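Read off the chains here:
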Amino acid sequence: MNTKETYTQMIKTEAKRLGFLSCGISQADFLEEEAPRLEKWLNENRHGKMQYMENHFEKRLDPRLLVDGAKSVVSLLYNYYPTAKQEDPEAPKISKYAYGQDYHHVIKAKLKTLLEFINEEIGEVGGRAFVDSAPVLDKAWAKRSGLGWIGKNSNLLTQKVGSFYFIAELIIDLDLSYDTPVTDHCGTCTACIDACPTEAIVAPYVVDGSKCISYFTIELKDEIPLSNKGSFDNWMFGCDVCQDVCPWNRFSKAHSEPLFDPHPELLTMTKKDWEEITQEVFSKVFKKSAVKRTKFSGLTRNISFLSD
Ligand code: SF4
Ligand code: SF4
């Protein structure tokens, strides 16, 4: 093994020790294939009112503009698939990724530890850690690094564990050995397209963000347009439909991250409890949760949109 391979192995072993499902590495380069697709998606206004998506176009496509002298993008997956479910089948639903503590904090801490490990064991390395927090096309990098393929629902998919995981990355100025992409295993399946409650998957591999329930319930700050009434399949925060129906998610395994366990009340709250939720209960159940992003006013807006 040469030095590059040894360093690569050390980083992957440490990532595993820190609890990441998998780790793949790509050369930090311009994302040539994604550039025209991103441009078209923005031009077609698929991002709705998520104006921030228009910012940093160049940086989104080239990690060398985010980190001086960047050489490698280390992509990492972190499982969040829960075994527990909300008990009342009529309770408005929360996307599984938001059950526990805010993943930004949980994963950022792990990325920091990995970066420290690299600096201590390999040598002084410049770099930054990202988890859904800066203009990084995380799925594109994970795909390049051989961690999975991007499915027709636009999620990263793996044959072994489906798609219920977070994607994070380190962009560092260290040369490493690079992985190669895997093949697409969607085949003739169209389950996600057929099941999407708002017909947001407008073509295979193209999700119109401005039609997605996650957009309406999390990103949109205004009132939800009445034309969507009755089409949210009872989702009050995010939506898992196109992942739940994906046959590859039969292979999802339960996460082992205690910080992702939900507040017990979140699972037992009934439809009526949600409809009558107070600021106090919201603050208790979603203490440290990503759901706080919508604030009490956003969540109650979503709940009344479902129940009126
Ligand atoms: S998350 Fe829900 S609304 Fe959005 S594309 Fe998937 S199924 Fe459709
Ligand atoms: S549901 Fe089918 S088409 Fe959609 S992402 Fe999964 S395998 Fe691909």
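Going by the structure above, here's the rest.
This one's a predicted model, so the numbers in the text were calculated from it and none came from an experiment.

Visitor: Mind laying out the site of ligand 1, listing which residues take part and the relevant values?
Guide: In the vicinity of ligand 1, the residues found are Cys196, Pro197, Thr198, Ala200, Ile201, Cys212, Ile213, Cys239, Val241 and Cys242. For the shell around ligand 1, the per-class residue count stands at nine nonpolar, one polar and no charged.

Visitor: A description of helix α2 (residues 34-43) should follow, citing residues and the corresponding values.
Guide: Along α2, the residues that are buried comprise Glu34, Ala35, Leu38, Trp41 and Leu42. Down the axis of α2, the buried side of the element spans an arc of 135 degrees, and every buried residue falls inside it. When the buried face of α2 is taken as reference, the exposed residues oriented beyond 90 degrees from it are Lys40 and Asn43. Residues of α2 that are buried in the fold lie against α3 (57-61), α5 (138-144) and β9 (206-207). Just beyond α2, the residue with positive phi is asparagine 45, at close to 60 degrees.

Visitor: How would you sum up the packing of aromatic side chains? Please name residues and give values.
Guide: Enumeration over the complete set of coordinates arrives at 19 aromatic pairs. Relative to phenylalanine 166, the ring of tyrosine 97 has its centre 6.2 Å away and its plane inclined at 90 degrees; by these criteria the two rings are edge-to-face. Taken as a pair, tyrosine 97 in the loop between β3 (93-94) and α4 (103-121) and phenylalanine 166 in strand β7 (residues 165-172) lie far apart in primary sequence, 69 residues in all. With respect to class, tyrosine 97 is no different from phenylalanine 166; both count as buried. Ring centres 5.6 Å apart and planes at 70 degrees place the aromatic pair phenylalanine 166 and phenylalanine 260 in the edge-to-face group. Of this pair, phenylalanine 166 sits in strand β7 while phenylalanine 260 sits in the loop between α8 (241-244) and α9 (264-268), placing them 94 residues apart in sequence. Here the two residues phenylalanine 166 and phenylalanine 260 agree in accessibility, since each one is buried.

Visitor: Residues and numbers for helix α12 (residues 295-307), please.
Guide: Compared with the 18 Å implied by 1.5 Å per residue over 13 residues, the 19 Å span of α12 between its first and last C-alpha is a close match. Looking only at α12, the buried set comprises Gly298, Leu299, Arg301, Asn302, Ile303 and Phe305. Tucked inside the fold, the buried residues of α12 contact α7 (213-219), β10 (235-237), α10 (271-275) and α11 (279-285).

Visitor: Residue-level account of the sheet that holds strand β2 (residues 72-79), with values.
Guide: The antiparallel open sheet is built from four strands, whose spatial order is β1-β2-β7-β4. Only two strands of the sheet have a single neighbouring strand rather than two, namely β1 (22-27) and β4 (127-130). Taken over all neighbouring pairs, the strand axes of this sheet differ in orientation by 20 degrees on average, direction set aside. Across the sheet, helix α1 (residues 3-17) lies against β1 and β2, angled at about 145 degrees from β1, the strand it touches most.

Visitor: Requested: an account of the pattern of salt bridges, with residues and values cited.
Guide: For the structure on display, the rule yields 17 salt bridges. Here glutamate 44 and arginine 46 are joined by a salt bridge, their closest N and O atoms 3.2 Å apart. The shortest N-O distance in the salt bridge between aspartate 244 and lysine 96 comes to 2.8 Å. You can see aspartate 244 sitting in helix α8 and its partner lysine 96 sitting in the loop between β3 and α4, a full 148 residues away along the chain. Lysine 96 sits in the buried class, given a relative accessible area of 14%. If you follow the salt bridges from partner to partner, you end up with Lys40, Glu44, Arg46 and Asp208 in one network.

Visitor: Quick one: what's the story with the nonpolar core, residue by residue and with numbers?
Guide: Core analysis: the biggest nonpolar cluster contains 50 residues, and Ile118 and Trp274 have the highest contact counts within it. Considering each element in turn, this core owes the most residues, eight residues, to α4. The residues touching tryptophan 274, leaving out its near neighbours within four places in the chain, are Gln86, Ala91, Pro92, Ile94, Met236, Leu266, Met269, Phe286, Leu299 and Ile303. Ala35, Val67, Phe130 and Trp235 belong to the second largest nonpolar core, which has 29 residues in total.

Rules of the game
Residues numbered from 1 in each chain as written. Chains lettered and ligands numbered in written order. Predicted model: local features only at pLDDT ≥ 70, side-chain atom pairs only at ≥ 80, totals over all residues. Heavy atoms only, no water. Near = heavy atom within 4 Å. Nonpolar A, V, L, I, M, F, W, Y, C, P; charged D, E, K, R; others polar. Buried < 20%, exposed > 50% of the residue type's maximum accessible area, 1.4 Å probe, protein only. Helix = DSSP H or I, 4+ residues; strand = E, 2+ residues; numbered from the N terminus. Arc of directions from axis to C-beta. Contact = heavy atoms within 4.5 Å. Phe/Tyr/Trp six-rings, centres within 6.5 Å; stacked < 30°, edge-to-face > 60°. Expected span 1.5 Å × (residues − 1). Pairing = 2+ DSSP bridges. Axes fitted to C-alpha atoms, helices over the stretch in contact; angles between N-to-C directions. Salt bridge = Lys/Arg side-chain N within 4 Å of Asp/Glu carboxyl O. Core = buried A, V, L, I, M, F, W, Y, C linked by side-chain atoms within 4.5 Å.

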